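Survey of secondary and tertiary structure
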Amino acid sequence: ILNVEQSPQSLHVQEGDSTNFTCSFPSSNFYALHWYRWETAKSPEALFVMTLNGDEKKKGRISATLNTKEGYSYLYIKGSQPEDSATYLCASNTGNQFYFGTGTSLTVIP
Amino acid sequence: DTGVSQDPRHKITKRGQNVTFRCDPISEHNRLYWYRQTLGQGPEFLTYFQNEAQLEKSRLLSDRFSAERPKGSFSTLEIQRTEQGDSAMYLCASSQPLRRAVTDTQYFGPGTRLTVL
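First, a word on scope: everything that follows refers to the structure included in this document.

About the criteria used
- Residues numbered from 1 in each chain as written.
- Chains lettered and ligands numbered in written order.
- Predicted model: local features only at pLDDT ≥ 70, side-chain atom pairs only at ≥ 80, totals over all residues.
- Heavy atoms only, no water.
- Helix = DSSP H or I, 4+ residues; strand = E, 2+ residues; numbered from the N terminus.
- Rg over C-alpha atoms; globule rule 2.2 N^0.38 Å.
- Areas by Shrake-Rupley, 256 points an atom, 1.4 Å probe, with all protein chains shown as cover.
- Lys, Arg positive; Asp, Glu negative; His and termini not counted.
- Charge placed at Lys NZ, Arg CZ, Asp CG, Glu CD.
- Core = buried A, V, L, I, M, F, W, Y, C linked by side-chain atoms within 4.5 Å.
- Buried < 20%, exposed > 50% of the residue type's maximum accessible area, 1.4 Å probe, protein only.
- Pairing = 2+ DSSP bridges.
- Axes fitted to C-alpha atoms, helices over the stretch in contact; angles between N-to-C directions.

Okay, the overall build of chain B next. Helix and strand counts for chain B stand at zero helices and 11 strands. Relative to its length of 117 residues, chain B is compact, with a C-alpha radius of gyration of 14 Å against a globular reference of 13 Å. If one aligns the C-alpha atoms of chain B with their principal axes, the spans along those axes are about 45 × 30 × 30 Å. Per element, the accessible surface of chain B, about 6,200 Å² overall, is 44% carbon and sulfur. A gap of 2 Å separates the mean positions of the 16 positive and 13 negative side-chain charges of chain B.

In a soluble, globular protein the nonpolar side chains are often hidden away together inside. Judged by nonpolar contacts, the single largest core of 24 residues is most densely connected at A:Leu33, A:Trp35, A:Leu75, A:Tyr88 and A:Leu106. Sorting the residues of this core by element identifies strand 2 (10-14), strand 3 (19-24), strand 4 (32-38), strand 5 (45-50), strand 7 (62-67), strand 8 (72-77), strand 9 (86-93) and strand 11 (104-109) of chain A as the ones contributing at least two each. B:Leu32, B:Trp34, B:Phe49 and B:Phe65 belong to the second-largest nonpolar core, a separate cluster that totals 19 residues.

All names here are of chain B. In space, the four strands of this open sheet follow the order 1-3-8-7, with antiparallel pairing throughout. A strand with exactly one partner marks an edge of an open sheet, and here the two such strands are strand 1 (5-7) and strand 7 (65-68). Strand-to-strand twist in this sheet, taken as the mean axis angle between neighbours without regard to direction, amounts to 15°. Note that strand 7 and strand 8 (residues 75-79) share four bridges and pair antiparallel. Its bridge partner being in strand 8, Ala 67 is matched across the sheet by Leu 77.

Here it is, written out as structure tokens:
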């Protein structure tokens, strides 16, 4: 079993603030790193998948970076909005299995 | 809606009963995954199908759990003799890896929340 860790566990920010979360994963047997957003009462939604060291992905105000050598990924949200409130999950893919972290719960206060 | 669907959305059962959940993946997706999520944890991998073949099973999947995907389309997850520890959200996901793609993206269903009394 792969140990994927996320921090912080939860976060409250004011609307307009920028924020970031961390996902740590074992760098051995690495295949790909996925980020998902999971809003309450909805299905987890795929945000990014990254495979190469130094990868950077961006979707609107959300971006992510990947460091496979040291085993971490950052997710950034610029100018947080209330609709960004959700749990953000990362998962390390070693081929056929996905190992998820426990998530970071983000609450954006209007 | 052409997303992943799961049925039922909620299930309450008494300890010792059998339950069965269904997952309908996105129609052209050949991979199907089952996960279990308990409070405060991320989704934990249970099993994975490529078409109708069950290729991987987690050691979390005790002999009370069985999953099938008989025609390579929908899948069922059955739990026999349920225990209170089986109470969790059961998530299904499907994917269709592109040829020569390094990895694929999973699309999740809304989950089935099981409560065992």
